[in-house]
Amino acid sequence: MTFHNCAWCGRPDPTGGYVCQSCYRPVGQALRDMADLAGEPDVNVARQARYGDRDGPRSAEPPIPVDLEASAAAWAASHVVVTWMDHIATARGVPLPRRRPRMVGPLCAGAGWAALPGRCGHPSCDAIRVRQAEHPVAAAARFVQEHLHWLRRQPDASDAGEELLGAAHAVKRLVENPADRWYAGTCSAPIDGDPGRLCTTDLYAWPGVTWVRCPGCQTTHQTGPRVRWLLDEARDVRGTATQLATAAARLGRACTPGQLRAFAQRGRLRPVTVPLSDGEEGPAEAVRDEWRRPLYRFGDVLDLLDQVAEQRRRDEEERARRAAERATKEAVDAPSETPT
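None of these values were measured; they are calculated from a predicted model. (Residues numbered from 1 in each chain as written. Predicted model: local features only at pLDDT ≥ 70, side-chain atom pairs only at ≥ 80, totals over all residues. Heavy atoms only, no water.)

## Quick notes on the packing of aromatic side chains
Across all of its chains, the model carries 1 aromatic pair by this definition. Seen in terms of ring centroids, W8 and Y24 are 5.8 Å apart; in terms of plane orientation they differ by 45°. Their pairing is tilted. Placement of W8 in the loop between β1 (4-5) and β2 (12-13) and of Y24 in helix α1 (residues 21-36) is noted, with a sequence separation of 16 residues between them. (Phe/Tyr/Trp six-rings, centres within 6.5 Å; stacked < 30°, edge-to-face > 60°. Helix = DSSP H or I, 4+ residues; strand = E, 2+ residues; numbered from the N terminus.)

Shown next, in the form of structure tokens:
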């Protein structure tokens with residue numbers, strides 16, 4: 001068997017996978033959650049969900065009965081899962097999954113029925129009352145989850161895992177609280193093949209998707225290079241801990257304002273400073289906003305998050321090494337069993 005280093009953690013996988021089992025475990029959990037929530041985005045698409053208060057001004061024009069942005073996000077997430085389902089079925093030569101039929105049958109009439117009229121609390125009785133077949137996206141997610149052991153041994157296991165995690169995250173965010181799209185820069189694609197004419201349409205992508213299509217010239221862009229470009233362009237931007245934490249999270253760097261403030265208190269993150277006027281001595285003065293909150297440089301935040309991620313990776317490797325040494329020592333010290 002050929003051993004590969006895990007594309008996510010860098011450690012060798014003795015099972016021959018391109019991504020190790022521990023790193024791929026969240027993909028399976030995300031697909032199970034996606035199967036459970038597959039039908040919920042339809043509520044948002046039909047504008048039947050409500051989030052927050054209804055205070056504030058309202059438009060005089062009646063809204064359309066369909067949320068087009070929610071529909072686009074739900075379609076993008078389902079497209080990812082269905083595409084990998086077709087790839088697995090074609091590559092392995094297995095039939096596509098069949099949707100679980102709707103449950104039929106009489107309802108129970110036990111003690112729960114008398115205690116709570118109209119609902120006994122049994123999942124089987126709830127499924128009979130709903131009388132709906134399994135959602136097609138749920139069937140696709142369940143099928144892909146059952147074949148993850150094969151998928152992680154394929155050369156495109158890393159791409160598959162990232163796309164499936166993004167799709168499941170998008171569905172969860174759409175159900176819990178629809179997330180706003182993030183700015184992905186200007187298209188800048190040549191128009192009609194002329195390098196002198198570039199598309200100037202601004203791109204906005206949904207969180208979790210791996211591509212974004214320009215509404216002006218219909219050019220498709222990968223979001224990965226866009227995120228890296230935005231990170232490079234925004235390194236000199238100044239903002240508060242809340243603003244920079246939100247921006248970092250939108251661009252794939254998970255952190256919270258509290259973490260940034262804790263880093264600042266420990267001296268690992270320093271605010272932006274300006275020198276004092278001529279003739280005055282003392283430390284440089286920190287730049288603050290109108291609410292007297294210190295401002296930080298986005299590039300310093302990104303560098304600090306990279307350092308934290310690298311230190312966490314080294315700590316995990318050290319713990320794994322010590323665990324392996326301890327297991328080897330226990331195996332050597334253990335008395336050998338001899339038959340009597």
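After that view, the rundown keeps rolling.
## Here's the deal with helix α12 (residues 298-333)
Taking 1.5 Å per residue, 36 residues should reach 52 Å; α12 reaches 52 Å between its end C-alpha atoms and fits that length. For α12, the full list of buried residues reads F298, G299, V301, L302, L304, L305 and V308. Looking at the packing, one finds that the buried side of α12 touches α9 (223-233), α10 (241-250), α11 (257-265) and β12 (296-297). (Expected span 1.5 Å × (residues − 1). Buried < 20%, exposed > 50% of the residue type's maximum accessible area, 1.4 Å probe, protein only. Contact = heavy atoms within 4.5 Å.)

## Section: the side chain of D13
Within the secondary structure layout, D13 lies in strand β2. Residue D13 is classed as buried on the basis of its relative accessible area, which comes to 3%. Those residues within four positions of D13 in sequence are excluded, and the remaining contacts are F3, H4, V19, C20 and R152.

## Structural notes on the packing of α10 against α12
The geometry of α10 relative to α12 is characterised by a closest axis approach of 10 Å and an angle of 60° between their N-to-C directions. Relative to α12, the element α10 is oriented oblique. As for the relative orientation of α10 and α12, their crossing is right-handed in sense. Contact residues: α10 offers L244, A247 and A248, while α12 offers F298, V301 and L305. Of the residues in the contact of α10 with α12, the class split is 6 nonpolar, no polar and no charged. (Axes fitted to C-alpha atoms, helices over the stretch in contact; angles between N-to-C directions. Parallel < 35°, antiparallel > 145°, perpendicular 65-115°, else oblique. Left-handed = near helix turned anticlockwise from the far one by under 90°. Nonpolar A, V, L, I, M, F, W, Y, C, P; charged D, E, K, R; others polar.)

## Overview of the state of the cysteines
Inspection of every chain in the model, using the stated rule, returns 0 disulfides. Here C20 is not cross-linked by a disulfide; its sulfur's nearest cysteine counterpart is in C23, at 3.3 Å. Exposure remark for C20: the relative accessible area of 9% places this residue in the buried category. As a non-bridged cysteine, C187 has C217 as the owner of its nearest cysteine sulfur, 3.6 Å distant. (Disulfide = S-S within 2.5 Å.)

## Looking at the nonpolar core
Grouped together as the largest cluster of nonpolar side chains are 34 residues, with contacts concentrated most on Y24, M34, V81, V144, L148, L151 and L164. Of all the secondary structure elements, the ones that give two or more residues to this core are α1, α3 (68-92), α6 (136-146), α7 (148-151) and α8 (157-176). Not counting residues within four places of it along the chain, the set of residues in contact with V81 comprises M34, A140, A141, V144, L164 and A167. Membership of the second largest hydrophobic core comes to 29 residues, among which are A234, A241, L260 and F298. (Core = buried A, V, L, I, M, F, W, Y, C linked by side-chain atoms within 4.5 Å.)

Function cannot be inferred from these measures alone, as they are strictly geometric.
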